[in-house]
Amino acid sequence: TRSPFVDYDYLIKVVVVGDSGVGKSQLVARFTRNEFSTNSRQTIGVEFATKTIQVDSRMICAQLWDTAGEERYRALASAYYRGAVGVLLVYDVTNPKSFQNLAHWLSEIKAFTIPTCQVLMVGNKIDLKGMRKISEPQGKTFANTNGMDYVETSALECLNVDISFTTLVRGIY
Ligand code: GTP
Ligand code: MG
């Protein structure tokens, strides 16, 4: 039985990381509010959103930490990861640089999270078909080599967005 004051059983912290411009904030906006904006502003520091989802019989409130990809806004990076049980590691399938930088993000995740922290790798912007530079097998191979599951999404076309967050949360519980 739940407390009458909260509508969830567990509160978990999930951090969203990846290069600037890969679509982290729009994935969070899509997942939590079913919104998308083409003139999304760069995140400075971190923004917060929550969404409660049902996993089996439990209500899990995911507190999402939507962090800045831009290096100069990441002075507090270690604090962003503190207490996190899940990380969504996002790159943009049309941007090879964001794919190459995944190794850097992984080393940061490794340095600042507990070993049991679940990491899901996400290839976003699959709606931009003609502009794709990283193939699905390439993404999947990198993910699996590094012990992560892999999902491809479009925040714009609302493809696989719910699945990616719920897969991550289910992996935790
Ligand atoms: P920082 O806050 O700087 O770290 O960037 P971010 O990763 O939060 O990127 P953001 O969500 O602000 O999106 C950057 C740009 O990509 C915006 O113009 C979005 O509209 C666009 N965008 C995000 N997701 C998608 C997508 O799935 N498809 C397309 N075509 N554009 C997207
Ligand atoms: Mg952002």
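Residues numbered from 1 in each chain as written. Chains lettered and ligands numbered in written order. Predicted model: local features only at pLDDT ≥ 70, side-chain atom pairs only at ≥ 80, totals over all residues. Heavy atoms only, no water.

**What about the sheet that holds strand E1 (residues 10–17)?**
Operational definition: We treat two strands as partners when DSSP finds at least two bridges between them. Only DSSP runs of H or I with at least four residues qualify as helices, and only runs of E with at least two residues qualify as strands; both kinds are numbered from the N terminus onward. Between N-to-C directions, angles cover 0 to 180 degrees, with each direction set by a line fitted to C-alpha atoms, over the stretch in contact for helices.
Read across the sheet, six strands follow the order E2-E3-E1-E4-E5-E6 without closing on themselves; strand pairing throughout is mixed. The open sheet has two free edges, formed respectively by strand E2 (46–55) and strand E6 (149–152), since each of these has just one partner strand. Averaged over neighbouring strand pairs, the angle between their axes works out to 25° when direction is ignored. As defined by bridge partners, strand E5 (residues 118–124) adjoins E6 across four bridges and the pair is classed as parallel.

**Observations regarding the pattern of salt bridges**
Heads up, the condition is: Any Lys or Arg side-chain nitrogen located within 4 Å of an Asp or Glu carboxyl oxygen qualifies as a salt bridge. Between buried and exposed lies partly exposed: a residue is buried under 20% and exposed over 50% of the maximum accessible area for its type, with that area taken using a 1.4 Å probe on protein chains only.
Tallied over the full model, the rule gives six salt bridges. Put simply, Arg 74 and Glu 108 hold a salt bridge, and the shortest N to O gap is 2.7 Å. One end of the pair, Arg 74, is in the loop between strand E3 (58–67) and helix H2 (77–81); the other, Glu 108, is in helix H4 (residues 102–112), and 34 residues separate them in sequence. Per residue, the accessibility class of Arg 74 equals that of Glu 108, and both read buried.

**A word on the coordination of the magnesium ion (ligand 2)**
Which entries qualify depends on this criterion: Metal donors were taken as nitrogen, oxygen and sulfur atoms no farther than 2.8 Å from the ion, or 3.2 Å where the ion is Na, K or Ca. Water is excluded, so coordination may look unfinished.
Of the protein atoms, only Ser 25 (OG) and Thr 43 (OG1) coordinate the magnesium ion (ligand 2), at distances of 2.1 Å. Taken together, the residues span a long stretch of sequence, with Ser 25 in helix H1 (residues 24–33) and Thr 43 in the loop between H1 and E2 at a distance of 18 residues. Exposure class is identical for Ser 25 and Thr 43. Each is buried.

**Let's talk about the site of ligand 1**
Here is the rule we go by: Near, as used in this document, describes a residue that has one of its heavy atoms within 4 Å of the molecule or strand being considered. Identification of polar contacts relies on pairs of N or O atoms within 3.5 Å, with a donor-acceptor requirement for protein atoms, meaning one able to donate a hydrogen and the other able to accept it, and with residues adjacent in sequence counted only if both atoms are side-chain atoms. In short, Shrake-Rupley with a 1.4 Å probe defines the accessible areas, and a residue's cover is counted only from the protein chains shown. Classification used: nonpolar for Ala, Val, Leu, Ile, Met, Phe, Trp, Tyr, Cys and Pro, charged for Asp, Glu, Lys and Arg, polar for all others including Gly.
The immediate surroundings of ligand 1 are formed by 23 residues, with Ser 20, Lys 24, Ser 40, Gly 69 and Asp 127 found nearest. Between an oxygen atom of ligand 1 and a main-chain N or O atom of Gly 21, the distance comes to 2.9 Å. Within the contact set of ligand 1, an oxygen atom lies 3.1 Å away from a backbone nitrogen or oxygen of Thr 38. In the complex, 88% of the free accessible area of ligand 1, which totals 660 Å², lies under the protein chains. Residue classes in the shell around ligand 1 are distributed as six nonpolar, 13 polar and four charged.

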